[in-house]
Amino acid sequence: MKAASLRLQLSLWLLVPLLTLLALDAWLTDRRATAAAHQAFDRTLDASLKAMREGVSLRDGRIEVELPYLALEVFESESGSRIYYRVRDEHGETVTGYDALPMPPGSDHPLYQTVFYDAEFRGEPLRMAAITLPLHDVGSARARLVWLLVAETIEPREQLAHEILIGSLLQELLGNLLDNAIRYAGPHAEVTVRVGQGTTHAGDGAWLQVVDNGPGIDAGERERVFSRFYRGESGTARPGSGLGLSIVREIARLHRAHVDLAPTAGGGLTVTVLFPPGHGCADARD
């Protein structure tokens, strides 16, 4: 009883730091996904800004703008976002575009350098790019400064970030399954990963399987091993936190997937993650 009580106390002491680390890892994964989405869309935003730049000139001291609407329309049709733009002179006057479109924060912006920033316009969040350019008119020997601004709504970025995040979680799911299989199967582990679509013992749909030749899990323990910190009879002598399969199940639930544990023919464990019809994994093949 004392040993069991001590084990429980140790588990409780470990719970808070482990949950903190898991929360931190989830936050960092989300940040990385958002940064990757920003990077992908910012390139297109910058390309639209540079296309606008080609249509701005100075003639007889006046700023003239011939916006390449086709470039903006292509950007909008490809990303599914709404586009706003503004051309502003050095006196703060809008030459063309949306007059209330926010300027970038700060006041010291080098010429020819694109500035990316987040803003709000008409009650919706935007991702914006801006650049300051000098314009020269050789005929009149005059020069002026102009700001070019282009903005997009962020729905496509959020969708891409979500897809990147889901992909990262699937990698973590597979990593946990492989780690468990190798850890418990021992030095002579044979681990096989299969993906496919069709009928398995777990049901119909797209599926991912990790098969090992380890000691397996008794039928009476197959549900309990999904509990946090539960390690089962075969896991007490091996290092580990007892969180691997609980994390696998939580990630599977995010995908509306089901995790099934079954004995491997000849000994071992077969873990099947079965995805619902219409899931992105449905294109998998044997």
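Right above here is the structure, for reference.
Residues numbered from 1 in each chain as written. Predicted model: local features only at pLDDT ≥ 70, side-chain atom pairs only at ≥ 80, totals over all residues. Heavy atoms only, no water.

Undergrad: Which residues make up the packing of aromatic side chains, and what values do they have?
TA: Applying the stated criterion to the full structure yields four aromatic pairs. Taking the centre distance of 5.1 Å and the plane angle of 90° together, the rings of tyrosine 84 and tyrosine 98 count as edge-to-face. In this pair, tyrosine 84 is assigned in strand S3 (residues 83-89) and tyrosine 98 in the loop between strand S4 (94-97) and strand S5 (115-121), connecting sequence segments 14 residues apart. Residue class for tyrosine 98 comes out partly exposed when judged on its relative accessible area of 28%. Every member of this aromatic cluster is reached through a ring pair, and the members are Tyr84, Tyr85, Tyr98 and Phe121. (Phe/Tyr/Trp six-rings, centres within 6.5 Å; stacked < 30°, edge-to-face > 60°. Helix = DSSP H or I, 4+ residues; strand = E, 2+ residues; numbered from the N terminus. Buried < 20%, exposed > 50% of the residue type's maximum accessible area, 1.4 Å probe, protein only.)

Undergrad: Lay out the sheet that holds S4 with the relevant residues and their values.
TA: Pairing in this open sheet of five strands is antiparallel, and the strands run S4-S3-S7-S6-S5 from one edge to the other. Pairing within the sheet leaves two strands with one partner each, and these edge strands are S4 and S5. Adjacent strand axes in the sheet meet at a mean angle of 25°, parallel and antiparallel pairs treated alike. Here S3 runs beside S4; their pairing, made up of three bridges, is antiparallel. Residue pairing in the sheet places arginine 86 in a bridge with glycine 97 of S4. (Pairing = 2+ DSSP bridges. Axes fitted to C-alpha atoms, helices over the stretch in contact; angles between N-to-C directions.)

Undergrad: Pulling in residues and values, what's your account of the pattern of salt bridges?
TA: Scanning the entire structure with this criterion turns up seven salt bridges. Between lysine 50 and aspartate 46 there is a salt bridge whose closest N-O contact spans 3.4 Å. Taken together, the residues lysine 50 and aspartate 46, both in helix H1 (residues 2-53) and four residues apart, mark about one turn of the helix. For lysine 50, a relative accessible area of 45% corresponds to the partly exposed category. Salt bridges linked by common partners bring Asp89, Glu90 and Arg144 together as one network. (Salt bridge = Lys/Arg side-chain N within 4 Å of Asp/Glu carboxyl O.)

Undergrad: Describe the environment of valine 87, with residues and values.
TA: In this structure, valine 87 sits in strand S3. Classification of valine 87 as buried rests on a relative accessible area of 0%. Residues valine 87 and valine 146, 59 residues apart in the sequence, show an inter-C-alpha distance of 7.0 Å.

Read these as layout, nothing more, since geometry by itself doesn't imply function.
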